[in-house]
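Here is what each chain is made of, one letter per residue.
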Amino acid sequence: MPFYALIIIIFAAILFFYVYRSMSNPYFRFKQFTIWHDKCAMKVGTDGVLLGAWAPVENAATILDVGTGSGLVALMLAQRAANACVVAVEIDPIAAEQAKENAALSQWGNRIHVDCVDFNSFQTDVKFDLIVSNPPYFSHSLNCPDSRRAMARHAGYLSCGSLLEKSAALLSSSGKVALVLPTDAVADVHGKAVSLGLHLLHRTYVRTVPHAAPKRVLLAFSREVSELMEDELVIESSEHVYTSQFVGLMKDFYLYL
């Protein structure tokens, strides 16, 4: 076996061990911050990490993270947008408290405000340049027996339609909305966005491996009309081996990249 191939295999094994261990730990350590998620119904996962690294932060001075959970996406966006003020809303008081703790432990605590509130009741005079959400999308599945996990996962508390309506009202004149969704939700969400005067700006289909059907999609909508960007992201080229594309997206966050 060539030496460089052996190095790649060893590197992949180390990276897989880190990710696996972090998922079972009460925390997930990134390059510039740590997310404690032991009190949260939903743990750090690929969807949230993808959204935090992908969402368009250019020229965003005010950012809103809807359903922040542990505060993961809010902290990623605070890292990427050096001068932005980030507001994170979370309906679950226990998760909201942990998000506050994670923000306070980070170097951006003075720029992140966590508000424990139902987004449907959220009130503010601020207009946001970017609104992001890893929304509940299991509206057609059976309810989870854990009420806090159900709250975090199910659209009964906040449908994508309600999320978009409220977001449209809170956007600045050039504001954007970024979401991560299952592919089968795209048509409904796109239709609702168009009805609210939001135009699809960027669509990225996510494949776990090259030949797998995409199960997730990243969407960015804007008030302004622009030429649609379409692409796809493949996470692994083979088992436990990240693609250069994924590494490029995550290199500022994941350890050992």
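Look above for the structure.
What counts and how
- Residues numbered from 1 in each chain as written.
- Predicted model: local features only at pLDDT ≥ 70, side-chain atom pairs only at ≥ 80, totals over all residues.
- Heavy atoms only, no water.
- Pairing = 2+ DSSP bridges.
- Helix = DSSP H or I, 4+ residues; strand = E, 2+ residues; numbered from the N terminus.
- Axes fitted to C-alpha atoms, helices over the stretch in contact; angles between N-to-C directions.
- Contact = heavy atoms within 4.5 Å.
- Phe/Tyr/Trp six-rings, centres within 6.5 Å; stacked < 30°, edge-to-face > 60°.
- Buried < 20%, exposed > 50% of the residue type's maximum accessible area, 1.4 Å probe, protein only.

K.L.:
Would you take a moment to explain the sheet that holds strand β4 (residues 85-90) for this structure?
P.N.:
Strand order in the open sheet made by the eight strands is β5-β4-β3-β6-β7-β9-β8-β10, with mixed pairing throughout. Looking at which strands have only one partner, the edges of the open sheet turn out to be β5 (112-116) and β10 (229-234). Adjacent strand axes in the sheet meet at a mean angle of 15°, parallel and antiparallel pairs treated alike. With five bridges joining them, strand β3 (residues 62-66) and β4 adopt parallel strand pairing. Of the residues in β4, the one forming a bridge with valine 66 is valine 89. The sheet contacts of helix α4 (residues 93-105) involve β4 and β5, and relative to β5 the element is tilted by about 170°. In the packing of helix α7 (residues 186-195) onto the sheet, the strands contacted are β7 (171-182), β8 (199-207) and β9 (216-222), and the crossing angle to β9 comes to about 5°.

K.L.:
Help me out: how do you make sense of the packing of aromatic side chains in this one?
P.N.:
Aromatic ring pairs are reported here in terms of the distance separating the ring centres and the angle at which the planes meet. Applying the stated rule across the entire model yields 10 aromatic pairs. Pairing phenylalanine 33 with tryptophan 108 gives two aromatic rings, centres 5.8 Å apart and planes at 75°, and the pair type is edge-to-face. Taken together, the residues phenylalanine 33 in the loop between β1 (27-29) and β2 (34-36) and tryptophan 108 in the loop between α4 and β5 connect sequence positions 75 residues apart. Phenylalanine 33 sits in the buried class, given a relative accessible area of 5%. Taking the relative accessible area as the measure of exposure, tryptophan 108 reaches 7% and is therefore buried. Each member of the aromatic cluster is reached from another via a ring pair, and the members are Phe28, Phe30, Phe33, Trp108, Tyr242, Phe246 and Tyr254.

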